[in-house]
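Close look at the chain arrangement
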Amino acid sequence: MGPDFVKTICPYCGTGCGLILAVRNGQVVGCSPDRGHPVSKGALCIKGWTAREFIHHPERLTAPLLKKDGCFHEISWDEAIDLLVTRLRETVDRYGPRAVGGLCSARCTNEENYLFQKLIRIGLGSNNVDHCARLCHGPTVAAMGHALGSGAMTNPIADFAGTNFILAVGSNAAETFPVAMGELYRAREKGAQLVVIDPRTTEMAKNADLHLPLRPGTDIPLLSGMMHHILSSGLENRAFIEQRTEGFSELAAYLDDWPPERAAQICGVAPELIRHVAEAYAQAPSAMIIFCMGITQHACGTANVYAVCDLALLCGQVGRPHAGICPLRGQCNVQGACDMGGLPDVLPGYQKVEDDWVRMRFEAHWGAALPKEAGMTVTAAMAADDSPIRAAYIMGENPVMSDPDRRHTIEFLENLDFLVVQDIFHTDTTRLADLVLPAACFAEKEGTFTNTERRVQRLRKAVQAPGSALDDLMILCRVGRAMGLDFNYADSAAVMDEIASLTPSYGGISYRRLQYKGLHWPCTDFDHPGTAVLHQKRFSRGRGLFVVPEYRPPQEAPDEHYPLVLITGRMFCHYHTGTMTRRSPSLHREVDKPFVEVNPKDAERRGICDGDRIRVETRRGAISTTARVVPKVAEGTIFAAFHFHEAPADALTNNALDPVSNVPEFKACAVEIAREGAC
Ligand code: SF4
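It should be emphasised that the depicted structure is a prediction, and the values quoted were computed from it without experimental measurement.

Another point: the overall build of the protein. Of the regular secondary structure elements, the protein holds 23 helices and 28 strands. Against the compact-globule benchmark of 26 Å for 679 residues, the protein has a radius of gyration of 24 Å, which places it among compact chains. In terms of overall dimensions, the protein has C-alpha extents of about 70 × 65 × 60 Å along its principal axes. Taking the intrachain contacts of the protein between residues at least 6 apart in sequence as the baseline, contacts between residues at least 24 apart amount to 74%.

Before going further, it helps to examine the sheet that holds strand β4 (residues 65-68). Strand pairing in a sheet relies on backbone hydrogen bonds. The paired strands run either parallel or antiparallel. Strand order in the open sheet made by the seven strands is β5-β4-β18-β17-β16-β6-β7, with mixed pairing throughout. In this open sheet, the two edge strands, each paired with only one partner strand, are β5 (71-74) and β7 (129-130). As paired strands, strand β17 (residues 418-423) and strand β18 (residues 435-438) are joined by four bridges and run parallel to one another. Looking across to β18, one finds that V420 is bridged to L435.

Our focus in this paragraph is the sheet that holds strand β19 (residues 447-450). Pairing is antiparallel in the open sheet, where three strands are placed in the order β19-β20-β21. Across the chains shown, the open sheet's two edge strands, defined by having one partner strand only, are β19 and β21 (519-520).

Close to the ligand lie 14 residues; C10, C13, C17, C45 and G48 are nearest. Contributing elements (two or more residues each) for the shell around the ligand: α1 (46-49) and α6 (178-189). For the shell around the ligand, a count of residues per class yields nine nonpolar, four polar and one charged.

Turning our attention to helix α3 (residues 110-123). Between its terminal C-alpha atoms α3 stretches 19 Å, which fits the 20 Å expected from 14 residues at 1.5 Å a residue. The positive-phi residue at the C-terminal boundary of α3 is G125, with phi of around 75 degrees.

Attention shifts here to the packing of helix α8 (residues 219-232) against helix α11 (residues 260-267). At their nearest, the axes of α8 and α11 sit 8 Å apart, and the two run at 165 degrees to each other. By the angle class used here, α8 and α11 are roughly antiparallel. Taken as a pair, α8 and α11 cross one another with a handedness that is left-handed. In contact with P221, L222, S224, G225, H228 and H229 of α8, α11 contributes P260, A263, A264, I266 and C267. Grouping the amino acids of the contact of α8 with α11 by side-chain chemistry returns seven nonpolar, four polar and no charged.

Considering every residue of the protein, the mean pLDDT works out to 95; 100% of them sit at 70 or more. In the model output, the complex is listed with pTM 0.95 alongside ipTM 1.00.

Turning next to the domain arrangement of the protein. If you check the domain split of the protein, you get domain 1 (4-49), domain 2 (65-135 + 335-494), domain 3 (138-328) and domain 4 (564-677). Here the C-alpha centroids of domain 2 and domain 3 sit 35 Å apart. Contacts between the two partners involve eight residues from domain 2, matched on the other side by eight residues from domain 3. Taken together, the residues that form the side of domain 2 that touches domain 3 break down as three nonpolar, two polar and three charged.

Per the UniProt annotation, the sites labelled "domain: 4Fe-4S Mo/W bis-MGD-type" (unreviewed entry) are residues 3-59. The span residues 3-59 shows a helical share of 7% and a strand share of 35%, and its end C-alpha atoms are spaced 25 Å apart.

For the rest of this paragraph, the subject is unusual backbone geometry. A cis amide bond links W521 to the next residue, P522, at an omega of 0 degrees. One non-glycine residue, Y350, lies in the positive phi region at around 60 degrees. Among the structural elements, Y350 can be located in the loop between β14 (346-347) and β15 (351-352). When the 21 C-beta atoms within 10 Å are taken as the criterion, Y350 is described as buried. The residue D405 is not glycine, and still its phi comes out positive at about 55 degrees. According to the C-beta neighbour criterion, D405 is buried, with 24 such atoms within 10 Å.

Below, the discussion takes up the environment of L61. Here L61 lies in the loop between α1 and β4. Distance from L61 to V436, taken between C-alpha atoms, is 8.8 Å for residues 375 residues apart in sequence. Setting aside residues up to four positions removed in sequence, L61 forms contacts with D423, I424, F425, H426, V436, P438 and A469.

So, about the packing of helix α4 (residues 138-147) against helix α14 (residues 301-315). Viewed as axis vectors pointing N to C, α4 and α14 meet at an angle of 40 degrees, and their least axial separation amounts to 8 Å. As far as their axial angle goes, α14 and α4 are oblique. The handedness of the crossing between α4 and α14 comes out as right-handed. Between α4 and α14, the residues in contact are P139, T140, A142, A143, M144 and A147 and G301, T302, N304, V305, Y306 and C309, respectively. Classifying every residue of the contact of α4 with α14 by side-chain character gives eight nonpolar, four polar and no charged.

Criteria and thresholds
- Residues numbered from 1 in each chain as written.
- Predicted model: local features only at pLDDT ≥ 70, side-chain atom pairs only at ≥ 80, totals over all residues.
- Helix = DSSP H or I, 4+ residues; strand = E, 2+ residues; numbered from the N terminus.
- Rg over C-alpha atoms; globule rule 2.2 N^0.38 Å.
- Contact = placed C-beta atoms within 7 Å.
- Pairing = 2+ DSSP bridges.
- Near = placed C-beta within 6 Å.
- Nonpolar A, V, L, I, M, F, W, Y, C, P; charged D, E, K, R; others polar.
- Expected span 1.5 Å × (residues − 1).
- Axes fitted to C-alpha atoms, helices over the stretch in contact; angles between N-to-C directions.
- Parallel < 35°, antiparallel > 145°, perpendicular 65-115°, else oblique.
- Left-handed = near helix turned anticlockwise from the far one by under 90°.
- pLDDT = per-residue confidence, 0-100.
- Domains from an automatic or database assignment.
- UniProt positions renumbered as here; feature names shortened; annotations may be inferred.
- Buried ≥ 20, exposed ≤ 12 C-beta atoms within 10 Å, placed from the backbone.

In structure tokens, the structure reads:
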């Protein structure tokens, strides 16, 4: 008998490509692209093609594990759930609800994230719920939410192909969103220009018409210089500004101080190039801005995103097909985890926890009181010397590798009275846990993911989870019931029905409607077709708001001890902390070891040759790794990917936070390197 075929969604980046899993005898034996998928249209990148390789890996967690005398022992689910509930409740009784915190997951489904935040909020009475959007697009949610009324991509990925001009700011989409990048290549074939602003000569930059290699952390001066030139040349879109925006005079007054010459002195890009790009963007019939963590992971991340919004509003390049602002979201369901209220200040649909009416509505539906004050962000909770958190529940996240300043993160987690981690493999974080719960992976459960363009899509179960592992939804239902909550959901579809009833932007979403192509939110009722392009007649907040972007240079400047700047990021064949991709033999073959990119001049000065072992050191720690001497990093900077636990980049990074979103400054800290020996 031939295999069965199951249509589902790639578990990696936020593009949300369609996969078809071939299943025989309870095993996934093949993985191929879904030609009818509306986003990927039959394409996959190397990660998607190989997404089945970790599913049946022998290291999958298969039973609940309790740590005793430093070693893990298998226990039953009943014992595990009982212990989890007892210890979390004890913490609340002893220290109050603000002493517990939970991390939901950008890799879990919408339904799981919804139940997780509901559990922490009404089961434990705490708004201390967060997830790894705090490490990437927190500034996007804050700034675009404030300036436009919605903190998400304004246009669908397919719109890239029809635009005339693409400005990519701090985005290496060619490596990190390869299938979405295909639409950019289609645009270029039709004559669109691609300009890339990035300190590194990334794959994206190599494919650009023009690359502006700015100094790390100087995006605001560069964008302000562009806006100054647009205004002084009369290239702004006056009609759009008058009819659809507010706050223009404050921005115009601020821009007086940013002639391209001044901007150039700070960002290192020649003033004539600043002028040239400004004119091209403003005069393009339609233009799109793409941005990623190159601008968000800074201590001025929120202000960086404001500057991007200001530029688009100034030129009227938003609110139309093929003209918009596109923050590409890095993980399969990071958009959905935010939408579901996996954040300390908002309930599902970005409804503020501090709004009495919002709380009353949720309380009436959930039948329980909600805490009134916003909770703590995970980065603020971990950075605080006197953090109130005494116990934590982590679902599908690995903060020991993903959060800044690894030594500090480990100290924080080791000092907790109780830590429970739910995951599919052991990670650097599960090893610190008191209790580990084995979860199901993407191929073993039903649910939905919301991709980077706000498209809600069905994830379908192909095989059973190994051993006694359960899907996160089932685990949460058992925990909820043990806490005395009404978590008696028949299935994930029933959870989506509850989400739709409480979340206006998901109000028209049901599994029946998601059968084929998914739906873009906002989709407010069951007759609504979904919204591919936002802000077409009015912004979600009414008028688009210009906000003055306050420039703050990187918080740790190079000095005589640490004279270089470290930039961290991703590479094409690995994903996040590597839990899945580093267990994929094909991806492991592509890149199996960590390395740091060093500019040839910096290497020569230190006697470092390509392939040498080097020590990389910052004020927070040091790692030993291999040097790749390449001109793609500018003199004075080095680059490290953060996928490798044997040389963890987060041992080096700075936990200086953006004051608005609390995103750490992963993209710039002071560092020094030294040769350890030949490879
Ligand atoms: Fe998966 Fe992203 Fe690659 Fe598509 S582009 S196959 S979603 S990793």
